[in-house]
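# Structure assessment
So you can see what is in the structure, the chains are spelled out below.
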Amino acid sequence: RWLPALFWSSWYAWRVKPEVIVVSHVVPIGLIARWLWRVTGIPYVVITHGMDVALVRDGGGRKYAQALSVLRDAWLITANSLVTQKIVESFGIDSGKIFFLPPSPCFSDEEVLRAHAERSATRRKYRMGEEFFILTVCRLVERKNVIMIVEAVQALKEQGVLIKLCIVGDGLEKIRLQSLIVQYRLEDHVCCTGAVTRDELVRLYGACDIFVLTPKQ
C-alpha cells in the first residue's frame, strides 16, 4: 500500500510545493516524507503514537534502523503523551526536537457554547445529578486500560464519594467491562454508551467534570 502513497505524495509535493509535510506514522509513511525531504528539501513533521514507536523500537532490525533515520532527520516530532516522548527519546533523539501535544477534541466555538447551554439537560439525561462526572472516550481494547478507571470508581464508591463514570466507545473489552460493572454493583455509577454521534459527544464533554484516559502505552 505504500507505493500509491509514494506516488501521490510525490505528485503533491512537486505540484503544490508545500512548506512542510506532516506524517502520522514513522514507518513506512515517514520514509516517504524523508525521501521527499532529501529530493525536494521540504522539511517534514512526524506525529508519533505510543504503540507505533514502541513496536518499532522493541522489534529492532531493519524497521528500527528505518525509524531511527526518519526521526533523526525530521524537522519536528510530536508526541501524544509523555510516555511516547520517552520512547522517542530512547532512539537517541534530542528532547528539544520533540513537542508534547496531548490529544484533544476539536469542536467549534458554536458547538462548545451549545454544549455548555445544554449541560444541565445532558447531566439529567445520564442521571448524573450532583455526582462528580467522569468521562472517558476511546476504543475499548485492553491497552486503553479502562478497567483501571472502573476499579477507581469502585474504590471511591466504597469511600462514600458521589461519583459517576460514562464510558463512550466500542471494542473487544466492552463485555469484560460490563461484567466487571455488574460484579462491583456499579450499575448506578457507570454507564457504557457505545459509539455516539458527534453532537452527543460534544454534549458529554460539556457535561463532564473531568475527562480521563489511562492507556498502558
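Quick caveat, the model's predicted, so the values are computed rather than measured.

The strand order across the open sheet formed by four strands is E1-E2-E3-E4, and the pairing between neighbours is parallel. Bordering the open sheet on either side are strand E1 (21–23) and strand E4 (98–100), each of which pairs with just one other strand. Strand after strand, the sheet turns through a mean of 20° between neighbouring axes, direction not considered. Relative to strand E2 (residues 44–48), E1 runs parallel, the two sharing three bridges. Bridge assignment links Val23 to a residue of E2, and that residue is Val46. Packed onto the sheet, helix H4 (residues 61–73) meets E2 and strand E3 (76–79) and runs at close to 120° relative to E2.

Right, let's get into the packing of helix H3 (residues 50–59) against helix H5 (residues 82–89). Interaxial distance between H3 and H5 falls to 9 Å at its minimum, and their mutual angle equals 30°. The pairing of H3 with H5 is recorded here as roughly parallel in orientation. Regarding H3 and H5, the two cross each other, and that crossing is left-handed. For the pair H3 and H5, the contacting residues are Gly50, Val53, Ala54 and Arg57 in the first and Thr84, Ile87 and Val88 in the second.

Inspection of every chain in the model, using the stated rule, returns one cavity of 30 Å³ or more. Size it by volume and the largest cavity reaches roughly 30 Å³. Lining the largest cavity, in full, are Glu111, Arg114, Ala115, Glu118, Asp199, Val202 and Arg203. At the level of elements, helix H6 (109–117) and helix H10 (198–207) are the ones that each hand at least two residues to the lining of the largest cavity. Tallied by class, the residues present in the lining of the largest cavity amount to two nonpolar, no polar and five charged.

When E2 meets E3, the two strands line up parallel, connected through four bridges. The residue of E3 that forms the bridge with Val45 is Leu76. Relative to E4, E3 is paired through three bridges, and the arrangement is parallel. For Ile77, the partnering residue across the bridge sits in E4 and is Ile98. Note that the unit made of E3, H5 and E4 has a crossover that is right-handed.

About the cut-offs
- Residues numbered from 1 in each chain as written.
- Predicted model: local features only at pLDDT ≥ 70, side-chain atom pairs only at ≥ 80, totals over all residues.
- Heavy atoms only, no water.
- Pairing = 2+ DSSP bridges.
- Helix = DSSP H or I, 4+ residues; strand = E, 2+ residues; numbered from the N terminus.
- Axes fitted to C-alpha atoms, helices over the stretch in contact; angles between N-to-C directions.
- Contact = heavy atoms within 4.5 Å.
- Parallel < 35°, antiparallel > 145°, perpendicular 65-115°, else oblique.
- Left-handed = near helix turned anticlockwise from the far one by under 90°.
- 1 Å grid on protein atoms, 1.4 Å probe; cavity = no way out; pocket = protein on both sides within 12 Å on 5 of 7 lines; lining within 4 Å.
- Points joined across faces, edges and corners; volume = space filled by probe spheres on them.
- Nonpolar A, V, L, I, M, F, W, Y, C, P; charged D, E, K, R; others polar.
- Right-handed = clockwise from strand over helix to strand, strands pointing away.

Purely geometric numbers; function is a separate question.
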